[in-house]
Amino acid sequence: MKKIYPDAATALDGLLFDGMHLCVGGFGLCGIPERLIDALQEAGVKNLTIASNNAGIDNEGLGKLLRSRQVKKMISSYVGENKEFERQFLSGELEVEFCPQGTLAERCRAGGAGIPGFYTKTGVGTQVAEGKEVKSFDGEDYILERGIFADLCLIKGWKADKAGNLVFRKTARNFNAPMATAGKICVAEVEEIIEVGELDPDAIHLPSIYVKRLIDGSPYDKKIEFRMTREREDAA
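The following paragraphs examine the structure supplied in this document. Please read all numbers here as calculations on a predicted model, not as lab measurements. (Residues numbered from 1 in each chain as written. Predicted model: local features only at pLDDT ≥ 70, side-chain atom pairs only at ≥ 80, totals over all residues. Heavy atoms only, no water.)

1. Concerning the overall build of the protein chain
Then comes step 1: Within the protein chain, the regular secondary structure consists of 6 helices and 13 strands.
Then comes step 2: What you see for the protein chain is a C-alpha radius of gyration of 19 Å, in line with the 18 Å of a compact globule of 236 residues.
Then comes step 3: In terms of overall dimensions, the protein chain has a C-alpha envelope of 55 × 55 × 45 Å along the principal axes.
Then comes step 4: With 236 residues in all, the protein chain has 44% of them scored as buried.
Then comes step 5: Counting only contacts in the protein chain whose residues sit at least 6 apart along the sequence, the fraction spanning at least 24 positions is 71%.
Then comes step 6: In the form shown here, the protein chain has an accessible surface area of approximately 12400 Å², with 49% of it arising from carbon and sulfur atoms.
Then comes step 7: In the protein chain, the 31 positive side-chain charges and the 36 negative ones have mean positions that sit 2 Å from each other. (Helix = DSSP H or I, 4+ residues; strand = E, 2+ residues; numbered from the N terminus. Rg over C-alpha atoms; globule rule 2.2 N^0.38 Å. Buried < 20%, exposed > 50% of the residue type's maximum accessible area, 1.4 Å probe, protein only. Contact = heavy atoms within 4.5 Å. Areas by Shrake-Rupley, 256 points an atom, 1.4 Å probe, with all protein chains shown as cover. Lys, Arg positive; Asp, Glu negative; His and termini not counted. Charge placed at Lys NZ, Arg CZ, Asp CG, Glu CD.)

Spelled out as structure tokens, the structure:
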């Protein structure tokens, strides 16, 4: 089965349609599938529902899709750095389902494991619990959260072998691993594709069975949201 594709547009060919539901990995601008996001923008697919930790920043990451008005709904945890997200939400142009980070990760993991729902204490007694079933276990209240299962998952890894076994690097592992399993098809982009057998089997984070299509998206700029610096103190 062919897994390696020459570019993002080719890897997404035949998979996109208006109104689809996507899981997109990443945390801020770390570990985001930026080549695949660019291809989504170029394809012009619209009315998207996207589950992702956040929506990037203005005109970076998923922020590009907000600018082009391709997103109908976001299921997210943190959106504080995206002014366009804020504007669209407050004006009623964008539907938003806020979800605690741990709950979002577990909802994706549950979807990938075929679990339709689970109970959690996170959000009990807050707006997060509104409209959700509440059940008591051992005298403590828990709310029911639904698993997330998407039409398409887009993720970013560090290295992959030609079979599609994949390794994430440091914090880029974040939401990519659980989201990779939470859909019908997972398309991955990586910084390097190597020969089968070059990855230590014990170091593989995502087995190839989950990765249906793969591209080498290098080189990457690896942008960050904020650059924090301080004056270096003179050595004593």
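Read on, since the account is not over.
2. A look at the side chain of Gln70
Then comes step 1: Residue placement: Gln70 occurs in the loop between helix H3 (63-67) and strand E3 (71-76).
Then comes step 2: Not counting chain neighbours up to four residues away, the residues in contact with Gln70 comprise Leu40, Gln41, Gly44, Val45, Lys46, Asn47, Leu48 and Leu65.

3. A short note on the nonpolar core
Then comes step 1: One finds Leu22 and Ile50 to be the most contacted residues of the largest nonpolar core, which totals 29 residues.
Then comes step 2: Elements with a minimum of two residues in this core: helix H1 (8-11), strand E1 (21-24), helix H2 (34-43), strand E2 (48-51), H3, E3 and strand E8 (150-156).
Then comes step 3: Counting residues per element, this core draws most heavily on H2, which supplies 4 residues.
Then comes step 4: Formed by 23 residues, the second largest nonpolar core is a distinct cluster that contains Ala51, Ile148, Phe175 and Leu206. (Core = buried A, V, L, I, M, F, W, Y, C linked by side-chain atoms within 4.5 Å.)

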